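# Residue-level structure breakdown
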There are 2 protein chains.
Amino acid sequence: MVEQDNNPPAVKRLAVIGVGLIGGSLARALRAIGQVGEVVGCGRNVAHLQRGMDLGVIDTFATDPVEAVAGADMVLVAVPLSAMRQVFAAIEPGLGPDTVISDVGSAKVSVIEDARAVLGSALDRFVPGHPIAGTEKSGVEASFPDLYRGRRVILTPMAETRPEALQLVRRVWRLAGAEVTDMAPEHHDEVLAATSHLPHVLAYGLVDTLSRWSDRDEIFQYAAGGFRDFTRIASSDPAMWRDICLANHDAVVVALERYSAALATLTDAVRERDGDQLIACFSNARDARQRFLDMLER
Amino acid sequence: MVEQDNNPPAVKRLAVIGVGLIGGSLARALRAIGQVGEVVGCGRNVAHLQRGMDLGVIDTFATDPVEAVAGADMVLVAVPLSAMRQVFAAIEPGLGPDTVISDVGSAKVSVIEDARAVLGSALDRFVPGHPIAGTEKSGVEASFPDLYRGRRVILTPMAETRPEALQLVRRVWRLAGAEVTDMAPEHHDEVLAATSHLPHVLAYGLVDTLSRWSDRDEIFQYAAGGFRDFTRIASSDPAMWRDICLANHDAVVVALERYSAALATLTDAVRERDGDQLIACFSNARDARQRFLDMLER
Ligand SMILES: NC(=O)c1ccc[n+]([C@@H]2O[C@H](COP(=O)([O-])OP(=O)(O)OC[C@H]3O[C@@H](n4cnc5c(N)ncnc54)[C@H](OP(=O)(O)O)[C@@H]3O)[C@@H](O)[C@H]2O)c1
Ligand SMILES: NC(=O)c1ccc[n+]([C@@H]2O[C@H](COP(=O)([O-])OP(=O)(O)OC[C@H]3O[C@@H](n4cnc5c(N)ncnc54)[C@H](OP(=O)(O)O)[C@@H]3O)[C@@H](O)[C@H]2O)c1
């Protein structure tokens with residue numbers, strides 16, 4: 001898939017607003033295959049941006065968003081969800097007539113609302129996106145070029161999104177090694193609430209609850225390997241997950257309510273010693289997880 | 001810690017009732033270091049026992065429990081929790097006056113009740129135990145000698161347990177590489193309900209719920225790496241976990257109720273968009289998990 005060196009790169013000038021794990025990794029991926037001419041970084045903290053330059057993730061940086069996006073053919077907004085609207089508003093005056101804007105936010109309905117509120121005439125070149133990839137770490141130090149290899153990226157174009165903008169963003173993620181799917185933003189938010197946002201809240205809630213158990217230190221002492229895996233996602237960035245819960249609150253609440261109802265039923269089954277109901281649930285879960293693993297293999 | 005070959009082994013004749021993952025692994029561990037003279041296996045299925053012989057886990061086998069325990073200085077009962085009472089009753093007539101009996105059941109109050117009901121005069125040589133080690137796999141094929149290396153084993157001796165019986169069982173697990181702790185059975189059941197039984201029910205419940213979501217296949221398609229880790233324990237043996245929930249129902253119900261209450265509070269926080277409360281919970285969880293990891297390192 002790597003194109004000839006004498007062909008122009010997919011993106012001549014890429015501005016990355018928020019050079020952290022997600023933004024930094026896309027920049028690295030494109031640089032590694034020569035598919036980006038120049039990468040301009042933008043953020044609030046000069047030391048972070050300098051670190052991005054030292055690591056070879058960006059070529060140059062600006063703390064002024066208008067300056068950062070000047071002359072860019074693509075702007076990737078990879079900041080926390082809570083900063084999206086403010087960043088869109090800040091870059092808007094600097095966007096050229098053909099600049100394509102995309103984001104990586106973990107919720108999509110809220111980001112589209114933000115874009116609609118402040119992107120003005122640039123809205124038709126905005127392509128909302130979400131790479132289903134990440135680690136518990138954050139910051140540019142944690143970024144690496146292969147983060148998106150074999151992973152999925154969901155794009156949630158709006159009615160007004162220009163086809164050529166969608167096409168560029170799709171091409172960029174494919175070059176980074178991802179499989180790109182389109183989805184309605186509401187559907188994206190429901191699906192991700194179920195498979196990602198809900199598990200994170202459950203894991204955080206479990207570790208928090210156990211840490212408040214009367215003899216908490218002892219409790220962790222007798223936790224086995226399964227506990228370590230089960231709670232890995234509770235080591236994720238708390239601010240990012242607060243933002244996600246706030247941005248996608250409706251779908252997250254629905255998922256939590258659905259799960260709580262299922263848990264109440266399971267608790268009743270344990271209380272009433274209904275072994276048949278327990279084994280039906282556990283067996284169905286094990287089989288479903290096996291289907292999920294088989295799906296990953298394919 | 002390996003003793004000289006010319007010293008007698010810790011156990012001259014070990015009977016393992018239930019030669020699966022847990023029983024098979026202890027037999028393998030002791031054999032690997034020459035700390036067992038002969039291992040006699042016992043189970044319901046001759047093909048399973050034959051497989052145990054082929055794999056070198058046991059030297060011989062009997063399907064009759066009385067025959068299996070004849071002349072044994074130690075009997076390890078490693079059957080499902082739901083079979084404990086029946087197995088204790090079946091071996092009782094064959095036990096010698098000094099035979100030490102131990103078990104590996106994941107709940108301890110119920111096993112002690114079973115032992116009290118049927119072990120008769122052998123009760124003072126019964127040492128209830130639980131190795132905090134395992135995998136999602138079961139059966140003798142899954143057993144391996146290093147399963148207990150560096151892991152904890154909890155023993156929950158009763159008032160009547162003879163010191164020399166406790167000492168032998170402690171020695172055996174230490175020889176297998178485990179760190180042995182004593183605990184009151186009720187306390188064991190509470191601690192394990194929190195750190196092991198609750199997480200398993202939560203993981204099974206999540207995968208079961210998601211598999212019943214309207215567009216279930218699609219949902220799993222967009223699950224990322226975190227989901228795989230989070231749900232690993234939902235691939236555990238459903239019958240074993242039903243048994244555990246039934247055997248330890250009181251403590252499991254308490255843990256589930258406590259967790260459900262915490263989840264309701266978290267759901268309210270999302271509903272009311274209370275970012276401060278969310279970040280307080282998530283940060284505390286992340287810090288507590290870090291303490292847990294630091295503890296594992298030490
Ligand atoms: N991590 C994941 O697993 C994952 C997966 C998929 C999508 N996402 C989404 O990706 C986005 C970024 O997450 P991340 O994991 O890459 O976080 P990160 O590593 O913390 O990076 C965020 C970057 O944004 C910058 N930033 C923060 N506020 C800003 C503002 N107001 N203006 C300009 N720059 C700002 C930060 O730099 P300064 O501090 O120097 O400003 C930092 O470089 C989030 O929207 C998240 O929902 C994350
Ligand atoms: N797996 C874990 O993570 C783990 C961890 C700690 C403790 N434990 C405890 O260890 C015990 C065994 O679990 P495991 O994982 O080793 O299960 P396993 O691999 O399925 O082994 C259970 C063994 O018990 C035998 N068995 C079943 N019912 C029996 C009966 N009525 N009479 C005689 N033998 C019988 C089975 O053989 P046949 O089918 O041939 O009879 C099988 O070999 C359980 O009490 C469990 O709570 C498990």
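As the structure is a computational prediction, the values presented were derived from the model and not from experiment.

## Considering the site of ligand 2
Residue and element names in this part refer to chain B. Surveying the vicinity of ligand 2 reveals 28 residues, the closest of which are Arg 44, His 48, Val 79, Ser 106 and Gly 139. One of the backbone N or O atoms of Val 79 is found 2.7 Å from an oxygen atom in ligand 2. One of the side-chain N or O atoms of Gln 86 is found 3.4 Å from a nitrogen atom in ligand 2. In isolation ligand 2 exposes 890 Å². Once the protein is present, 88% of that is buried. Among the secondary structure elements, those contributing two or more residues to the shell around ligand 2 are α1 (21–32), α4 (84–91) and β7 (129–132). Looking at the shell around ligand 2, the element that brings in the most residues is α4, giving 3 residues.

## Thoughts on the interface of chain A and chain B
With 88 residues of chain A in contact, the opposing surface of chain B contributes 88 residues. Here chain A packs against chain B, burying approximately 8500 Å² in sum over the two surfaces, 68% of which is carbon and sulfur. Its largest share of buried area at the contact with chain B, chain A owes to Tyr 222, Phe 230 and Arg 289 of chain A, together 10% of the area lost on that side. Where chain A meets chain B, there are 4 salt bridges. Across the pair Asp 229 of chain A and Arg 232 of chain B runs a salt bridge whose closest N-O atoms are separated by 2.8 Å. Inspection of the region where chain A meets chain B yields 20 residue pairs in polar contact (both at pLDDT 80 or more). For the side of chain A that touches chain B, the elements supplying multiple residues, two or more each, are β8 (152–155), α7 (185–211), α8 (216–221), α9 (225–230), α10 (238–247), α11 (249–271) and α12 (275–297) of chain A. Among the elements that take part in the side of chain A that touches chain B, α7 of chain A stands out by supplying 17 residues, more than any other.

## Describing the domain arrangement of chain A
Residues and elements named next belong to chain A. Under the domain assignment, chain A is made up of domain 1 (11–183) and domain 2 (187–297). Of note, the centres of domain 1 and domain 2, computed from C-alpha atoms alone, are 31 Å apart. With 15 residues of domain 1 at the interface, the matching set in domain 2 holds 14 residues. Considering only the side of domain 1, the residues that lose the most area to domain 2 are Ser 106, Glu 136 and Met 183, jointly responsible for 44% of the buried surface there. Counting the contacts that link domain 1 with domain 2 gives 5 residue pairs in polar contact (both at pLDDT 80 or more). Of all elements in the fold, only α5 (109–118) and β7 (129–132) reach the threshold of two or more residues within the side of domain 1 that touches domain 2. A class-by-class count of the residues in the side of domain 1 that touches domain 2 yields 7 nonpolar, 6 polar and 2 charged.

What counts, and at which threshold
- Residues numbered from 1 in each chain as written.
- Chains lettered and ligands numbered in written order.
- Predicted model: local features only at pLDDT ≥ 70, side-chain atom pairs only at ≥ 80, totals over all residues.
- Heavy atoms only, no water.
- Near = heavy atom within 4 Å.
- Polar contact = N/O pair within 3.5 Å; in protein donor to acceptor, adjacent residues only side chain to side chain.
- Areas by Shrake-Rupley, 256 points an atom, 1.4 Å probe, with all protein chains shown as cover.
- Helix = DSSP H or I, 4+ residues; strand = E, 2+ residues; numbered from the N terminus.
- Contact = heavy atoms within 4.5 Å.
- Buried area = accessible area lost by both parts, 1.4 Å probe.
- Salt bridge = Lys/Arg side-chain N within 4 Å of Asp/Glu carboxyl O.
- Domains from an automatic or database assignment.
- Nonpolar A, V, L, I, M, F, W, Y, C, P; charged D, E, K, R; others polar.

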